[in-house]
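Inside the fold
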There are 2 protein chains.
Amino acid sequence: MADSNNTKNNQTRTVFFVSDRTGITAEALGNSLLTQFEGISFNKIHLSFIDTEKKAQDCVEQINTACTKDGSPPLIFSTQINKQFRNMMSKSNGVFFDFFETFISKMEKSLGSKSIHAAGMLHGLHNNKNYNSRINSVNFSLASDDGMSVKSFDRADIILIGVSRSGKTPTCLFMALQYGIKASNYPLIEQDLGTTKLPKILQPFKSKLFGLTISPTRLRKIRSERRSNTKYSSLQQCQSEVRRAEDIYHSNNIPFIDTTQISIEEITAKITNKFSLR
Amino acid sequence: MADSNNTKNNQTRTVFFVSDRTGITAEALGNSLLTQFEGISFNKIHLSFIDTEKKAQDCVEQINTACTKDGSPPLIFSTQINKQFRNMMSKSNGVFFDFFETFISKMEKSLGSKSIHAAGMLHGLHNNKNYNSRINSVNFSLASDDGMSVKSFDRADIILIGVSRSGKTPTCLFMALQYGIKASNYPLIEQDLGTTKLPKILQPFKSKLFGLTISPTRLRKIRSERRSNTKYSSLQQCQSEVRRAEDIYHSNNIPFIDTTQISIEEITAKITNKFSLR
């Protein structure tokens, strides 16, 4: 382990994400932990599908080479399940963070059951039903994108509404890919915004509606990247559309969220909380 | 902690995912660990945005209620950063798995730096550049979907090719959402499959091409869900298209992968490895 007297800020450290399979879980927790350290630049290396002794040995060599080059031990974030390969890496010159073994013994005790020690269960096709539901939901979202197929609304779990470029499509796709949620969207356009009434086509689906809003300044910026110097991207137009969209939400008691400062992950978490969709 | 003598298989256990923010990381590692236990059914409850004492107290109550109802302690997978709220939950009647604190002290020692203890850094907008790149890549993928805009090929990081329904679009979207990779796709249609030559439009971009293939039986099944009893979904047609697509990959030294048994996460991990795209 590195002696803290030998390290300093503004340093560069190498980080390895190691896994028998995709490495997505190792990345998720590893990156989450790394965000807690500022002033250090991390050189990230992804070592996925480490499923043979030869590959594990190559990892150890890469780790040791990085250690020599950096002059400080790399961090290794691992969801490796194979015990032999884990042992090899824990004996390397890096600092080994074992996301698997650290928790699995305590879980075995608590559940009164032995773990199966099988790799790649989460991001593989072992849970076929769940996987197919995710892929079908992606296709559903694409087919019903931007209100092009309102026929889909009765099959949708949720319908996002909002003005053009308020974040509907990426959020729908994220909900589909991550959770298999069937998400449609409907863009509020000029003809919908002339009144505070809900567009007729949405009225039968009121319980599925969720509104997105956004600051007019941010909206102008996003729209300008597509079509600069048009009425569409003018601040005045953005202000007017956003105000009228919010009037519709208020008048019809549609729950809504301001997406200006939050990510699609956060929007999704708020929506799935609200609708108990997970 | 549960006494293993009191637990049995075919049991149902309640699992809580707790976080100050989205809970995506807690879910990723928690679910990954749960896949290692068979014969137990897990009732999963997501408690995200736990950022006040009142909400933390509600969590503790939910955990304790589940414990009484199940007759065994729930598992709590937590990325909670706030120390006070973590302490409250660790004193509940559940078994507390602390994904944050377990590793953060060792990291502080190794990096010689104090962690900032700020919540929601990974899935928020703190890394704006990275986030914008992900959203732009989603829009890029959508705009260039199914070869509709070949103009995009020069800006693409990668171009997936394959017959209709071989998995190109969901993979492109996943690469965009997860890693901000600009992925285009081009469908190999009848007129492309009449020869082993690479379609003219793809020739300038050979170094960006990656082929997808799939078993004809699986392809027939997928196509039948869309259009059953058509030539398009017949086994003969699927066999012929797949064989000729693979001929193109072989003749032009295009790397390719069989998607029949693997998920979009696994396809993505293989491709990003191959092209060093992460």
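Residues numbered from 1 in each chain as written. Chains lettered and ligands numbered in written order. Predicted model: local features only at pLDDT ≥ 70, side-chain atom pairs only at ≥ 80, totals over all residues.

**Side note on the packing of helix H6 (residues 168-179) of chain A against helix H6 (residues 168-179) of chain B**
Selection rule: Axis definition: a line fitted to C-alpha atoms, over the contacting stretch in the case of helices. Angles run 0 to 180 degrees between N-to-C directions. Helix and strand assignments follow DSSP, with helices taken as H or I runs no shorter than four residues and strands as E runs no shorter than two, numbered in order from the N terminus. The labels follow the angle: roughly parallel below 35 degrees, roughly antiparallel above 145, roughly perpendicular from 65 to 115, and oblique for the rest. The contact criterion used here is simple: two residues whose C-beta atoms, placed from the backbone, lie within 7 Å are in contact. In the scheme used here, Gly and all other residues not listed as nonpolar or charged are polar, with Ala, Val, Leu, Ile, Met, Phe, Trp, Tyr, Cys and Pro taken as nonpolar and Asp, Glu, Lys and Arg as charged.
One can describe the packing of H6(A) onto H6(B) by two numbers: an axis separation of 11 Å at closest approach and a directional angle of 100°. Our classification of the angle between H6(A) and H6(B) gives roughly perpendicular. Across the interface between the two elements, A:Leu173, A:Phe174 and A:Leu177 of H6(A) pack against B:Leu173, B:Phe174 and B:Leu177 of H6(B). Its residues placed into classes, the contact of H6(A) with H6(B) shows six nonpolar, no polar and no charged.

**Overview of helix H1 (residues 24-34) of chain A**
An α-helical segment advances 3.6 residues per turn. Residues three or four places apart therefore align on the same side. Note the cut-off: The exposure scheme places C-beta atoms from the backbone and then counts, for each residue, the other C-beta atoms within 10 Å of its own, assigning buried at 20 or more, exposed at 12 or fewer, and partly exposed in between.
Among the eleven residues of H1(A), ten are classified as buried, and the element is accordingly described as predominantly covered. Along H1(A), the positions that sit buried rather than exposed are A:Ile24, A:Thr25, A:Ala26, A:Glu27, A:Ala28, A:Leu29, A:Gly30, A:Ser32, A:Leu33 and A:Leu34. Looking at the buried side of H1(A), the elements it contacts are strand E1 (12-18), strand E2 (41-47) and strand E3 (75-78) of chain A together with helix H1 (24-34), helix H4 (101-111) and helix H9 (264-275) of chain B.

**Observations regarding helix H5 (residues 128-143) of chain A**
Threshold: Every helix has an expected span of 1.5 Å times one less than the residues it contains. In this description, the arc belongs to the directions extending from the helix axis to the C-beta atoms.
With 16 residues, H5(A) should reach 22 Å at 1.5 Å per residue; the first-to-last C-alpha distance of 22 Å fits that figure. All of the buried residues in H5(A) are A:Arg134, A:Ser137, A:Val138, A:Phe140 and A:Ser141. Take H5(A) and look down its axis: the buried residues cluster within an arc of 165°, on one side only. Seen from the open side of H5(A), the exposed residues pointing more than 90 degrees away from its buried face are A:Asn128, A:Lys129 and A:Ala143. Buried residues along H5(A) sit in contact with H6 and strand E6 (183-187) of chain A together with H6 of chain B.

**Regarding the environment of A:Ile248**
Residue and element names in this part refer to chain A. Checked against the element boundaries, Ile 248 lands in helix H9 (residues 235-251). With 22 C-beta atoms counted inside 10 Å, the residue Ile 248 sits in the buried group. In sequence terms Ile 248 and Ile 264 are 16 residues apart; their C-alpha atoms lie 23 Å from each other. Beyond its immediate chain neighbours, meaning those up to four positions away, Ile 248 contacts Leu 188, Thr 196 and Leu 198.

**Description of unusual backbone geometry**
Of note, A:Arg165 is a non-glycine position whose phi angle comes to about 70°, a positive value. Of note, A:Arg165 is situated in the loop between strand E5 (158-162) and H6.

**Remarks on the relation of the copies chain A and chain B**
To be explicit about the condition: We place the copies in one frame by least squares, fitting the C-alpha atoms of every residue whose pLDDT is at least 70 in both.
Of the two same-sequence chains, chain A is brought onto chain B (RMSD 0.0 Å, axial shift 0.0 Å) by a rotation of 180°. In symmetry terms, the pair is related by a two-fold rotation axis. The overlap is high: 100% of the interface residues of chain A also sit at the interface in chain B, so the same surface is used on both sides.

**A few points about the interface of chain A and chain B**
Each partner contributes to the interface: chain A provides 65 residues, whereas chain B provides 65 residues. Only H1, strand E4 (95-98), helix H4 (101-111), H5, H6 and helix H10 (264-275) of chain A provide two or more residues apiece to the side of chain A that touches chain B.

**Things to note about the sheet that holds E6(A)**
Residue and element names in this part refer to chain A. Defined as follows: One requirement defines pairing of two strands: DSSP has to find at least two bridges between them.
Read from one edge to the other, the open sheet built from four strands follows the order E6-E5-E7-E8, with strand pairing classed as parallel. Single-partner strands in this sheet number two, and they are E6 and strand E8 (256-258). Each strand of the sheet is rotated relative to its neighbour by a mean of 25°, with strand direction disregarded. Running at roughly 175° to E6, H6 makes contact with E5, E6 and strand E7 (209-213) of the sheet.

**Here we look at the sheet that holds E2(A)**
Residue and element names in this part refer to chain A. Taken in spatial order, the four strands make up an open sheet running E2-E1-E3-E4, and their pairing is parallel. Across the chains shown, the open sheet's two edge strands, defined by having one partner strand only, are E2 and E4. Each strand of the sheet is rotated relative to its neighbour by a mean of 20°, with strand direction disregarded. Looking at chain direction, E1 and E3 are connected through four bridges and run parallel. Within E3, the position partnered with Phe 17 by the bridge is Phe 77.

**Overview of the packing of helix H5 (residues 128-143) of chain B against H6(B)**
Residues and elements named next belong to chain B. Test applied: By convention, the crossing between two helices is left-handed when the near helix turns anticlockwise from the far helix through less than a right angle, and right-handed when the turn is clockwise.
Packing of H5 against H6 brings their axes to within 7 Å, and their N-to-C directions diverge by 160°. As the angle between them shows, H5 and H6 are arranged roughly antiparallel. The handedness of the crossing between H5 and H6 is right-handed. Residues Arg 134, Ser 137, Val 138, Phe 140 and Ser 141 of H5 lie in contact with H6, whose contacting residues are Cys 172, Leu 173, Ala 176 and Leu 177. Counted by class, the contact of H5 with H6 contains six nonpolar, two polar and one charged residues.

**Some remarks on the nonpolar core**
Generally speaking, a soluble globular protein has its nonpolar side chains buried in company with each other. So the rule is basically this: Here, a nonpolar core denotes buried Ala, Val, Leu, Ile, Met, Phe, Trp, Tyr and Cys residues that are linked to one another through C-beta atoms within 7 Å.
Counting residues in each nonpolar core, the largest one holds 69 residues, and the members touching the most others are A:Leu173, A:Ala176, B:Leu173 and B:Ala176. Excluding anything up to four places from it in sequence, A:Ala176 contacts A:Arg134, A:Ser137, A:Val138, A:Phe140, A:Ser141, A:Ile181 and A:Ala183. Counting residues in hydrophobic clusters, the runner-up holds 56 residues, among them A:Phe17, A:Leu34, A:Leu47 and B:Leu33.

**Looking at the confidence of the model for chain A**
All names here are of chain A. Condition: For every residue, the predictor reports its confidence as pLDDT, a number between 0 and 100.
For chain A, per-residue confidence averages 90 on the pLDDT scale, and residues scoring 70 or more make up 92% of the total. This stretch, residues 1-8, has a pLDDT under 50; its non-local contacts, to residues over four places away or in other chains, come to 17 contacts. Interface predicted TM-score (ipTM) for the complex: 0.84; the corresponding pTM is 0.85.

**Some thoughts on the pairing of strand E3 (residues 75-78) of chain B**
Residue and element names in this part refer to chain B. As a reminder of what qualifies: Note on handedness: a clockwise path from strand one over the helix to strand two, with the strands aimed away from the viewer, defines a right-handed crossover.
Here E3 shows no split at all, with Leu 75 and Phe 77 on one side and Ile 76 and Ser 78 on the other all buried. Bridge count between E3 and strand E4 (residues 95-98): four bridges; the pairing is parallel. By the bridge assignment, Ser 78 is partnered in E4 with Asp 98. For the crossover that starts at E3, traverses helix H3 (residues 83-90) and ends in the parallel E4, the hand is right-handed.

**A word on the environment of B:Ile104**
With respect to the element layout, B:Ile104 can be found in helix H4. Residues B:Ile104 and B:Gly194 lie 90 residues apart in sequence; the distance between their C-alpha atoms is 58 Å. Setting aside anything within four residues of it in sequence, one finds B:Ile104 in contact with A:Leu33, A:Gln36 and B:Ser115.

**A short note on the pairing of strand E6 (residues 183-187) of chain B**
Residues and elements named next belong to chain B. Burial within E6 is extensive, with four of its five residues counted as buried. As paired elements, strand E5 (residues 158-162) and E6 share five bridges and run parallel to each other. Residue pairing for E6: Ile 159 is matched across the bridge by Ser 184.

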